[in-house]
Amino acid sequence: MRLALFQPAIPQNVGACIRLSACFGVELHVIEPTGFRFDDRAMKRAALDYGPLGHMIRHPGWEDFQRDRGAGRLVLFTTKGATPLDGFAFEAGDTLLFGSESSGAPDFVHAAADARVVIPIRPGARSLNLSVSAGIALWEGLRQTRP
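These numbers come from a predicted model, not from an experiment. (Residues numbered from 1 in each chain as written. Predicted model: local features only at pLDDT ≥ 70, side-chain atom pairs only at ≥ 80, totals over all residues. Heavy atoms only, no water.)

A. Layout of the sheet that holds strand β3 (residues 55–59). Spatial strand order, β3-β2-β1-β6-β4-β7-β5: 7 strands in an open sheet with parallel pairing. Each end of this open sheet is capped by a strand with a single partner; those strands are β3 and β5 (83–84). Sheet topology note: the strand β4 (residues 74–77)/strand β6 (residues 95–98) ladder contains 4 bridges and is parallel. Bridge assignment links leucine 76 to a residue of β6, and that residue is leucine 97. Contacting β1 (2–6), β2 (27–31) and β3, helix α1 (residues 11–24) runs over the sheet at an angle of about 155° to β2. Docked against the sheet, helix α5 (residues 130–145) engages β1, β4 and β6, running at close to 160° with respect to β6. (Pairing = 2+ DSSP bridges. Helix = DSSP H or I, 4+ residues; strand = E, 2+ residues; numbered from the N terminus. Contact = heavy atoms within 4.5 Å. Axes fitted to C-alpha atoms, helices over the stretch in contact; angles between N-to-C directions.)

Set out below in structure tokens:
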């Protein structure tokens with residue numbers, strides 16, 4: 001299982017996902033461009049000393065990510081998702097993809113996804129924070145697929 005972020009804009013979210021990657025032992029793929037520089041103090045502060053433990057791969061763009069991400073399904077998490085998280089069956093080779101905080105995922109990313117999943121939240125609430133969503137999704141995916 002892998003975690004992927006499409007053009008993230010907020011360094012603290014990437015820092016938190018570096019921590020998720022390190023703590024759960026999964027690859028983190030960051031699809032550029034990002035809304036910050038990787039030497040940004042905010043990202044370093046959020047990642048603390050977990051950066052060296054995480055397996056982060058940076059991709060210059062979408063095509064590079066698609067070429068290099070490896071085998072398995074591309075599972076897009078979106079507020080426009082078709083399958084609620086509690087009804088989705090994960091596979092060990094899945095890549096869990098999250099769109100940009102401000103604009104989500106564009107149509108071409110939706111079209112490339114093998115599955116689209118939504119984390120149900122109460123009516124009227126807009127969305128969860130990116131790194132919170134990634135943590136929820138990654139935990140459920142690992143819970144289902146790890147012995």
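B. Local environment of a nonpolar patch on the surface. Taken together, Ile121, Leu128, Val132 and Ile136 make up a surface patch of nonpolar side chains, about 270 Å² in accessible area. With respect to the element layout, isoleucine 121 can be found in the loop between β7 (115–118) and α5. Of the residues examined, isoleucine 121 reaches a relative accessible area of 35% and is grouped as partly exposed. (Patch = residues over 30% accessible without salt bridge, like charges linked within 9 Å, V, L, I, M, F, W, Y side chains within 5 Å. Areas by Shrake-Rupley, 256 points an atom, 1.4 Å probe, with all protein chains shown as cover. Salt bridge = Lys/Arg side-chain N within 4 Å of Asp/Glu carboxyl O. Buried < 20%, exposed > 50% of the residue type's maximum accessible area, 1.4 Å probe, protein only.)

C. Structural context of the nonpolar core. Formed by 27 residues in total, the largest nonpolar core has its most connected members in Leu3, Phe77, Leu96, Phe98 and Leu138. Elements with a contribution of two residues or more to this core: β1, α1, β2, β4, β6, β7 and α5. By residue number, the principal contributor to this core is α5, which donates 5 residues. In this structure, Phe6, Leu97, Ala105 and Val109 belong to the second largest nonpolar core, which totals 11 residues. (Core = buried A, V, L, I, M, F, W, Y, C linked by side-chain atoms within 4.5 Å.)

D. Representation of the environment of phenylalanine 98 in the model. Structurally, phenylalanine 98 can be placed in strand β6. Judged by its relative accessible area of 3%, phenylalanine 98 is buried. Leave out the neighbours within four places in its chain, and phenylalanine 98 touches Leu3, Ala4, Leu5, Phe6, Phe77, Leu130, Ser133, Ala134 and Ala137.

E. How the structure looks around the pattern of salt bridges. Evaluated as defined, the whole model comprises 6 salt bridges. Note that glutamate 91 is salt-bridged to arginine 73, the shortest N-O span being 3.6 Å. Here glutamate 91, found in the loop between β5 and β6, pairs with arginine 73, found in the loop between α3 (62–68) and β4; they are 18 residues apart in sequence, far enough to count as distant. With relative accessibility at 43%, the residue glutamate 91 sits in the partly exposed group. Several salt bridges converge on common partners, so that one network encompasses Asp64, Arg67 and Asp68.

F. How the structure looks around the packing of aromatic side chains. Scanning the entire structure with this criterion turns up 8 aromatic pairs. Relative to tryptophan 62, the ring of phenylalanine 6 has its centre 5.9 Å away and its plane inclined at 75°; by these criteria the two rings are edge-to-face. Placement of phenylalanine 6 in strand β1 and of tryptophan 62 in helix α3 is noted, with a sequence separation of 56 residues between them. An identical accessibility class is assigned to phenylalanine 6 and tryptophan 62; each is buried. Considering the side-chain rings of phenylalanine 6 and phenylalanine 108, the 6.2 Å spacing of their centres and the 75° angle between planes classify their relative orientation as edge-to-face. Of this pair, phenylalanine 6 sits in strand β1 while phenylalanine 108 sits in helix α4 (residues 107–112), and the two are 102 residues apart along the sequence. Of the residues examined, phenylalanine 6 reaches a relative accessible area of 3% and is grouped as buried. On the basis of relative accessible area, phenylalanine 108 is assigned to the partly exposed category, the value being 45%. (Phe/Tyr/Trp six-rings, centres within 6.5 Å; stacked < 30°, edge-to-face > 60°.)

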